[in-house]
Amino acid sequence: MSTGQSPAGGLPVLSEAELKQYVVGVNGKDVVWNPMFDSFTYPSAGFTEWEFFNEGVGAGNTSSPGAGNGKKTIFDTNLRTQNQLSKGIEFYAIGSETIFQPGVQPTAGTPYALFPIDLEATAADVGSFIRDMWAVLSGGLKELKINTDRWYIQDTPLFLFPPSKWFHMVGAFGALTPTTQASVETFELDYSTAAGEPYEIVPVYIQSNQQFTLSIKYAAAIATPSGVPGRMIERLRGYRIRQIT
């Protein structure tokens, strides 16, 4: 960014040379902020290992809310080729984040089985959202490997990889006794997320057709306390570089 000031004050004015760095549609490289993402349905019984980015659009199974049965689409992943970038595409990775959504399922008609707010919570329901988050994110080893023997992330637990953006809410719990005094109807607000500074790495420049794997492993399968599946999303934060000819 230019350090020069506008003659009239205010924001700096870019020079012609600086503007030319961002010209679109000319020979060279086009650089945009475009994190890579992939997702899958977290089974209610848990799992011991899952590899992300090994199924591109048109492969695998969708985990998108309410999408029903079908292959992955852009709502699930923006990868086109299994475990590698398509020809002419490169990626400059600077960090990683894990997003877990309790109760989110691809089942048509019932995309959300767990809501942060429950208007008719039972004793068994109370805390389901938080308990699922705690169980899943308290474990998990994340590993990012490029080529065959180079590890760039190998860290645990998943709480260390908070989302850079999340749903924020403030609320309270309460109960209402009907006039019949026959029962008590409970209103529950139940939400949590991993939080903290983004998990950053020494930048890694992934080349076209270069093999990479990102996996999550558990020492033992961790079932969701609610007994309901969820959705796990992995995002490699960084810049997409596209060759322009």
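About the criteria used
- Residues numbered from 1 in each chain as written.
- Predicted model: local features only at pLDDT ≥ 70, side-chain atom pairs only at ≥ 80, totals over all residues.
- Heavy atoms only, no water.
- Buried < 20%, exposed > 50% of the residue type's maximum accessible area, 1.4 Å probe, protein only.
- Helix = DSSP H or I, 4+ residues; strand = E, 2+ residues; numbered from the N terminus.
- Pairing = 2+ DSSP bridges.
- Axes fitted to C-alpha atoms, helices over the stretch in contact; angles between N-to-C directions.
- Core = buried A, V, L, I, M, F, W, Y, C linked by side-chain atoms within 4.5 Å.
- Contact = heavy atoms within 4.5 Å.

As for helix α2 (residues 128–137)
The element α2 is extensively covered by neighbouring structure, given that seven of its ten residues are classed as buried. Residues S128, F129, D132, M133, A135, V136 and L137 constitute the buried set of α2.

Structural notes on unusual backbone geometry
Omega for the peptide link from T156 to P157 comes to 0 degrees, which places this bond in the cis form. The phi dihedral of F53 falls on the positive side, at around 65 degrees, and the residue is not glycine. You can see F53 is positioned in the loop between β3 (49–52) and β4 (89–102). In this structure F53 comes out as buried when scored by relative accessible area, which is 0%. For N209, which is not glycine, the phi torsion reads 65 degrees and is therefore positive. Along the chain, N209 falls in the loop between β10 (199–206) and β11 (212–217). Owing to a relative accessible area of 46%, N209 belongs among the partly exposed residues under this scheme.

Some details on the sheet that holds β3
Within the open sheet, the four strands sit side by side as β3-β11-β6-β7. Their pairing is antiparallel. Unpaired on one side and paired on the other, β3 and β7 (150–155) mark the two borders of the sheet. Geometrically, the sheet is characterised by an average inter-axis angle of 20 degrees between neighbouring strands, direction not taken into account. Alignment of β3 against β11, held across four bridges, turns out to be antiparallel. The partner of E49 across the bridge, within β11, is K217.

Structural notes on the nonpolar core
Core analysis: the biggest nonpolar cluster contains 32 residues, and M36, F53, F212, Y218 and M232 have the highest contact counts within it. Sorting the residues of this core by element identifies β2 (36–42), β4, α2, β6 (141–146), β10, β11 and β12 (230–244) as the ones contributing at least two each. For Y218, the residues in contact, after removing those within four places along its chain, are Y42, F47, T48, V136, G139, G140, L158 and M232.

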